[in-house]
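Remarks on the overall topology
Now for the letters of each chain:
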Amino acid sequence: MLIIIHSETNKSNIQQNLGRPEYSYYFVLKEFRPVLERLGQVIEVSNPDELVDRLYFDCLSRGEACVFLSFSPPHRTPIHYACPTIPVFAWEFSTIPTESWHGEPRHDWRVVLNACGMAITHSSFTVDAVRDVMGADYPICAIPAPVWDRFAARGAQLRKQPVVEAVQLKLRGLLLDSRTVDLRAYGPPGLCEGTPLSFAGPAQDCQLQLDGVVYTSVFNPYDGRKNWQDMISGFCTTFRDVADATLVLKLTHHDIANALNDMLHHLYKNQSYQCRIVLIHGYLADADYEALVQATSYVVNSSYGEGQCLPLMEFMSCGKPAIAPLNTAMADYVDSDNAFIVDSTDELTAWPHDPRAAYRTLRYMTDWDSLCAAYRASYEVAKNDVERYARMSEHAVHNLQRFCSQASAEQRLRTFFAQRAQALEPLSVEVSSA
């Protein structure tokens, strides 16, 4: 079987696309590829309009099955190919788009899902949202990006201590530390003192030492779902008098200056505090990323919802307990045995790509008091209950193995294709003999 794969972001444009809509689909594609290669020959294409049907008809001429996996949301998935096409997408809102705008029918996802006849997503939450609209028997399955194997192997070599002794990291980029940055320049208009930092220069080599109880989150600061404002304010309030609590925010975006100024303003507003907040923007080599994971006591998520959340999955696969909500995709792998749960409530919102900003769906608002309570409880465990921390760490590893290992993804893919044997008859032959 030939499996054609595509995402709009690829290795040639990932640097300039970091943080832009749908950029993370490339990382999902990369994680799926080793599993797909167990099912057939895999070809990644950058120009699907030129190559997909050419490859498909070439396969037909020699009796070989062929399928196109479009790692993209449905409204960006082509539906005019002769080749069987399957969208592989993430979604974190209560309803899928059922309206169109700007003359593009695909904005109504029912058009695409009907045309393709099947889909792959990453959580049972999204499966339910699709079937609420498409019918209970619509062929869609939840297969998260299989990150567990790679990160569990890393985690097995790391010391899993809740209170971290000095760990050194090296990075090339920007490093901002609340204990060394003069925040007076980031006050409100009329109250600023001094000159804000310039982020226009070339990347610098930086060193960072972490110790104590370290909380880490990795996200795009321009992503409105991530709710980093509550993450910071809750941390500063909870640990106002705690000097050995550190929050590390690893930021991903190709153009970070505006976000950094905004985040430094929030650090200014939440003064004064003895805890430490570190902002990192730049490249971490594998060894230093592993050092960041090793230096992390807890991985933090305070978002309004997740399609799967790769960083959360990666850190938990390494054995890091979480502070996170129990909703959307996270409900598939977060529980009270591997995380401190943050409560949330429903709130009306718009589909993120709807220019009308029309209220058609729900997101899940973080309960700020619950977030602070999770911070307090996690710190208490880190300092005084090493055995519970170890149990949470072990449970995180085992739960994520069930959820997002390569073996699990392979089994689900084989089952999905086998169940679609009637609609994709050539696939059933190839998969069963793979």
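Residues numbered from 1 in each chain as written. Predicted model: local features only at pLDDT ≥ 70, side-chain atom pairs only at ≥ 80, totals over all residues. Heavy atoms only, no water.

Focus: the overall build of the protein
For the protein, the count of helices and strands is 14 helices and 15 strands. The dimensions of the protein, computed from C-alpha atoms along their principal axes, are 70 × 50 × 40 Å. Taken over 434 residues, the protein has a buried fraction of 57%. Long-range contacts, defined here as pairs at least 24 residues apart, represent 72% of the contacts in the protein between residues at least 6 apart. Of the roughly 18100 Å² of accessible surface on the protein, a fraction of 48% belongs to carbon and sulfur atoms. Counting 37 positive and 51 negative side-chain charges, the protein places the averaged centre of each group 3 Å from the other. (Helix = DSSP H or I, 4+ residues; strand = E, 2+ residues; numbered from the N terminus. Buried < 20%, exposed > 50% of the residue type's maximum accessible area, 1.4 Å probe, protein only. Contact = heavy atoms within 4.5 Å. Areas by Shrake-Rupley, 256 points an atom, 1.4 Å probe, with all protein chains shown as cover. Lys, Arg positive; Asp, Glu negative; His and termini not counted. Charge placed at Lys NZ, Arg CZ, Asp CG, Glu CD.)

Re the pattern of salt bridges
Counting across every chain of the model gives 25 salt bridges. For the salt bridge of Glu-99 with Arg-356, the shortest nitrogen-to-oxygen distance reads 2.7 Å. Taken together, the residues span a long stretch of sequence, with Glu-99 in the loop between β4 (85-88) and α4 (109-116) and Arg-356 in the loop between β14 (344-350) and β15 (359-366) at a distance of 257 residues. On the basis of relative accessible area, Glu-99 is assigned to the partly exposed category, the value being 23%. Arg-360 is the salt-bridge partner of Glu-99, the closest N and O atoms lying 2.7 Å from each other. In this pair, Glu-99 sits in the loop between β4 and α4 while Arg-360 sits in strand β15, placing the two residues 261 residues apart along the sequence. Of the residues examined, Arg-360 reaches a relative accessible area of 38% and is grouped as partly exposed. One network of salt bridges, in which partners are shared, links Glu-99, Asp-354, Arg-356 and Arg-360. (Salt bridge = Lys/Arg side-chain N within 4 Å of Asp/Glu carboxyl O.)

Considerations on the packing of aromatic side chains
Summed over all chains, the structure comprises 23 aromatic pairs. Ring centres of Tyr-26 and Phe-27 lie 5.9 Å apart, and the angle between their planes is 55 degrees; on these two criteria the pair is classed as tilted. Note on Tyr-26: relative accessible area 8%, which makes it buried. By relative accessible area, which is 30% here, Phe-27 ends up partly exposed. Residues Phe-89 and Trp-109 carry aromatic rings whose centres are separated by 5.4 Å and whose planes lie at 75 degrees to one another, so their mutual orientation is edge-to-face. (Phe/Tyr/Trp six-rings, centres within 6.5 Å; stacked < 30°, edge-to-face > 60°.)

Notes on the confidence of the model for the protein
Taken as a whole, the protein shows an average pLDDT of 91; of its residues, 94% reach a score of 70 or greater. Low pLDDT, under 50, characterises residues 427-434; the predicted model gives this stretch 13 contacts beyond four residues in sequence or across chains. (pLDDT = per-residue confidence, 0-100.)

Re the nonpolar core
Formed by 83 residues in total, the largest nonpolar core has its most connected members in Phe-71, Leu-312 and Tyr-333. Looking at this core element by element, the count peaks at 6 residues for helix α2 (residues 25-36). Beyond its immediate stretch of four places on either side in the chain, Phe-71 contacts Ile-5, His-6, Ser-7, Tyr-25, Val-28, Leu-29, Phe-32, Leu-36 and Val-88. Ranked by size, the runner-up nonpolar core spans 43 residues in total, among them Phe-219, Ala-245, Tyr-273 and Tyr-375. (Core = buried A, V, L, I, M, F, W, Y, C linked by side-chain atoms within 4.5 Å.)

Focus: the side chain of Thr-366
Mapped onto the fold, Thr-366 is located in strand β15. Dropping the residues within four chain positions of it, Thr-366 is found in contact with Asn-227, Asp-230, Ser-302, Ser-303, Tyr-304, Val-342, Asp-343, Ser-344 and Leu-371.

What to know about the packing of helix α7 (residues 228-238) against helix α8 (residues 257-269)
Close contact between α7 and α8 brings their axes to 10 Å; oriented N to C, the two are set at 30 degrees. On the basis of the axis angle, α7 is roughly parallel to α8. α7 and α8 meet at a crossing whose hand is right-handed. Two secondary-structure elements touch here, α7 through Trp-228, Gln-229 and Ile-232 and α8 through Asp-262, Met-263, His-266 and Leu-267. (Axes fitted to C-alpha atoms, helices over the stretch in contact; angles between N-to-C directions. Parallel < 35°, antiparallel > 145°, perpendicular 65-115°, else oblique. Left-handed = near helix turned anticlockwise from the far one by under 90°.)

With respect to the environment of Ile-140
Positionally, Ile-140 belongs in strand β6 (residues 140-142). Residue Ile-140 is classed as buried on the basis of its relative accessible area, which comes to 4%. Sequence spacing of Ile-140 and Met-365 is 225 residues, and the spatial spacing of their C-alpha atoms is 27 Å. In this structure Ile-140 touches Phe-89, Ala-119, Thr-121, Val-127, Val-130, Arg-131 and Phe-416, once residues within four positions along its chain are discounted.

Quick word on helix α12 (residues 386-404)
Taking 1.5 Å per residue, 19 residues should reach 27 Å; α12 reaches 27 Å between its end C-alpha atoms and fits that length. In this fold, the buried residues of α12 make contact with α6 (148-156), β11 (298-300), α10 (310-317), β13 (339-342), α11 (368-384) and α13 (406-419). (Expected span 1.5 Å × (residues − 1).)

Some thoughts on the side chain of Glu-31
Inspection of the secondary structure assignment puts Glu-31 in helix α2. With residues up to four places along the chain from it excluded, the contact list for Glu-31 reads Ala-145, Pro-146, Val-147 and Arg-150.

Considerations on the packing of α4 against helix α5 (residues 124-134)
Put simply, α4 and α5 touch, their axes get as near as 11 Å, and they point 90 degrees apart. As summarised for this structure, α4 and α5 are arranged roughly perpendicular, according to the angle between their axes. On the side of α4, the interface is formed by Arg-110, Leu-113 and Asn-114, while α5 contributes Val-130, Val-133 and Met-134. When the residues that make up the contact of α4 with α5 are grouped by side-chain class, the tally is 4 nonpolar, 1 polar and 1 charged. (Nonpolar A, V, L, I, M, F, W, Y, C, P; charged D, E, K, R; others polar.)

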